[in-house]
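Remarks on the overall topology
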Amino acid sequence: MTDSMWGYQAASGHQAGTDLTGFKVEATNGSIGKVDKHSEDVSAAYIVVDTGVWIFGKHVLLPAGTIQSIDVAERKIYVARDKDEIKNAPEFDKDKHTGDSGYHQQVEAYYGTHRP
């Protein structure tokens, strides 16, 4: 896994210890849902977005490196991907997520080939 994909960018405004659960997530072309879960683990930071009715309740894992900025006051996270990229991303698999490096490599490969 590359640290840049699984770590918060310095310019994102991420503040360690901030609970991002419930923050709205904005793609480059509109809202995609809310943060259901997040992690600040070194070299494995991410958010899980509940897309709600937008794509029928799909949960999507977004590596922290996809985050452009975090607006704590507005409780919004802006990601450097559009709705279609997120809609077509591998679905979050809570069983594979922990301890399955192949799953993280699949997610990383997907977002690595879909750069803004």
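One structure accompanies this document, and this report is about it. (Residues numbered from 1 in each chain as written. Predicted model: local features only at pLDDT ≥ 70, side-chain atom pairs only at ≥ 80, totals over all residues. Heavy atoms only, no water.)

1. A word on the pairing of strand β3 (residues 46-50)
We count it as follows: Relative accessibility thresholds used throughout: buried, under 20% of the residue-type maximum; exposed, over 50%; partly exposed, between the two (1.4 Å probe, protein chains only). Only runs of H or I of at least four residues qualify as helices and only runs of E of at least two qualify as strands under DSSP, and these elements are numbered from the N terminus. The rule for pairing is simple: two strands pair if DSSP sees at least two bridges between them.
The buried fraction of β3 is high, at 4 of 5 residues. Alignment of strand β2 (residues 30-39) against β3, held across 5 bridges, turns out to be antiparallel. Paired with histidine 38 across the two strands is isoleucine 47, which belongs to β3. Hairpin geometry of β2 and β3 is characterised by an intervening segment of 6 residues between the two adjacent antiparallel strands and by a positive phi of about 65 degrees at serine 43. With 5 bridges connecting them, β3 and strand β4 (residues 59-63) associate as antiparallel partners. Each residue of the ladder has a partner; that of valine 48, found in β4, is leucine 61.

2. Considerations on the packing of aromatic side chains
Selection criterion: Within 6.5 Å between ring centres, the rings of Phe, Tyr and Trp (the latter by its six-membered ring) count as paired, and their orientation is classed by plane angle as stacked under 30 degrees, edge-to-face over 60, tilted in between.
For the coordinates displayed, the defined rule picks out 1 aromatic pair. Taken together, a centroid distance of 5.1 Å and an interplanar angle of 85 degrees make the contact between tyrosine 110 and tyrosine 111 edge-to-face. With a relative accessible area of 13%, tyrosine 110 lands in the buried category. A relative accessible area of 0% places tyrosine 111 in the buried class.

3. Considerations on the environment of phenylalanine 23
Inclusion rule: The contact definition used throughout considers only heavy atoms, calling two residues in contact when any of these lie within 4.5 Å.
Along the chain, phenylalanine 23 falls in the segment before β1 (24-27). The exposure class assigned to phenylalanine 23 is buried, which follows from its relative accessible area of 1%. As a C-alpha pair, phenylalanine 23 and glycine 33 span 10 residues in sequence and 8.6 Å in three-dimensional space. With sequence-adjacent residues up to four places away left out, phenylalanine 23 is seen in contact with Thr18, Gly33, Lys34, Val35, Ile70, Asp71, Val72, Arg75, Lys76 and Ile77.

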